[in-house]
Amino acid sequence: MSDTFKSGDVIRYPYLWHWQHAAGRMNAEKDRPVCLALALPDKNKALTHLIIVAISGTAPLPEQRAIEIPDLEIKRAGLSAYKRAWLSVGEYNYDIAEKSFFFEPDQRLRGHFSNVFLQRILREVRQTIA
């Protein structure tokens, strides 16, 4: 499956927000569009480690770290239903594609962010991971 997903891909995923996890929830309420900020195969290329950030059509609260997605990137990502959208970069989900219950072999790709925008996302996510 390591060829299936690439950094910058936008898919649907049951993203579990940090506040939901802190409240003891194990599962998200719904699938939502997310960005695979980082899709990194292991050294044997058998497993794909994923850093996943949520996409929302709701403006972030002042204490939330988020990046507004430019109009052109909204179109590239297949998010045209959103007038405005944000990537939540202050938190993330981690998953392994080949071991996850949430990915199917025919997982549908919504779209993909440009490499330039992806680099901006990665700069922000690295701060969160550190």
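Anything mentioned here points back to the structure above.
Here is what the cut-offs are and how they apply
Residues numbered from 1 in each chain as written. Predicted model: local features only at pLDDT ≥ 70, side-chain atom pairs only at ≥ 80, totals over all residues. Heavy atoms only, no water. Helix = DSSP H or I, 4+ residues; strand = E, 2+ residues; numbered from the N terminus. Rg over C-alpha atoms; globule rule 2.2 N^0.38 Å. Buried < 20%, exposed > 50% of the residue type's maximum accessible area, 1.4 Å probe, protein only. Areas by Shrake-Rupley, 256 points an atom, 1.4 Å probe, with all protein chains shown as cover. Pairing = 2+ DSSP bridges. Lys, Arg positive; Asp, Glu negative; His and termini not counted. Salt bridge = Lys/Arg side-chain N within 4 Å of Asp/Glu carboxyl O. Polar contact = N/O pair within 3.5 Å; in protein donor to acceptor, adjacent residues only side chain to side chain. Contact = heavy atoms within 4.5 Å. Patch = residues over 30% accessible without salt bridge, like charges linked within 9 Å, V, L, I, M, F, W, Y side chains within 5 Å. Phe/Tyr/Trp six-rings, centres within 6.5 Å; stacked < 30°, edge-to-face > 60°.

K.L.:
Hey, could you run me through the overall build of the protein in this one?
P.N.:
Helix and strand counts for the protein stand at three helices and seven strands. In summary, the protein has a C-alpha radius of gyration of 14 Å against a globular reference of 14 Å for 130 residues, a match within 12%. Taking the principal axes of its C-alpha atoms as reference, the protein extends roughly 40 × 35 × 30 Å. Put simply, the protein has 130 residues, and 42% of those count as buried. If you sum the accessible surface of the protein, you get close to 7800 Å²; carbon and sulfur atoms cover 52% of it.

K.L.:
Which parts of the structure should I look at to understand the pairing of strand β1 (residues 9-13)?
P.N.:
Looking along a regular strand, one sees side chains alternate from face to face of the sheet. Extensive coverage of β1 is indicated by the burial of four of its five residues. When β1 meets strand β7 (residues 111-112), the two strands line up antiparallel, connected through two bridges. Bridge pairing in β7 links D9 to H112. As paired strands, β1 and strand β2 (residues 32-41) are joined by four bridges and run antiparallel to one another. In the sheet register, I11 faces β2, and the bridge partner there is V34.

K.L.:
Looking at this model, I keep getting lost on the side chain of D95. Mind explaining?
P.N.:
The residue D95 is located in strand β6 (residues 93-96) in this model. The buried charged residue D95 lacks any salt bridge partner; its closest oppositely charged side chain belongs to K99, at an N-O distance of 9.8 Å. At 2.7 Å, the side chain of D95 and the side chain of Y13 are in polar contact. In contact with D95, other than residues within four places in its own chain, are Y13, T48, H49, L50, I52, S100, F102 and F103.

K.L.:
Explain a nonpolar patch on the surface to me, please; I cannot follow it from the model alone.
P.N.:
A surface patch of nonpolar side chains, amounting to about 290 Å² of accessible area, comprises Y92, Y94 and I129. Among the secondary structure elements, I129 is positioned in helix α3 (residues 115-129). For I129, a relative accessible area of 42% gives the class partly exposed.

K.L.:
Would you mind going over the pairing of strand β3 (residues 48-56) with me for this structure?
P.N.:
For β3, the buried fraction is high: eight of the nine residues fall into the buried class. Sheet analysis places β2 next to β3, joined by seven bridges and oriented antiparallel. Paired with L36 across the bridge in β3 is I52. The antiparallel hairpin formed by β2 and β3 contains six residues in its connecting segment, where K45 sits at a positive phi of about 60°. In this structure, β3 lies alongside β6, joined through four bridges in antiparallel fashion. Each bridged residue has a counterpart across the sheet, and for H49 the counterpart in β6 is I96. In terms of strand pairing, β3 meets strand β5 (residues 86-88) through two bridges, oriented antiparallel. Looking at β5, one finds that I55 is bridged to L87.

K.L.:
What is the right way to look at the packing of aromatic side chains in this model?
P.N.:
Geometrically, a pair of aromatic rings is defined through the distance of the ring centres and the angle of the planes. Tallying each qualifying case throughout the model produces five aromatic pairs. Note on F113 and F117: the rings are 5.1 Å apart at their centroids and 70° apart in plane angle, and the pair reads as edge-to-face. Look at F113 and you get buried, because its relative accessible area is 1%. By relative accessible area, F117 is classed as buried at 5%. Taken together, F5, Y13, F102 and F103 form an aromatic cluster joined through their ring pairs.

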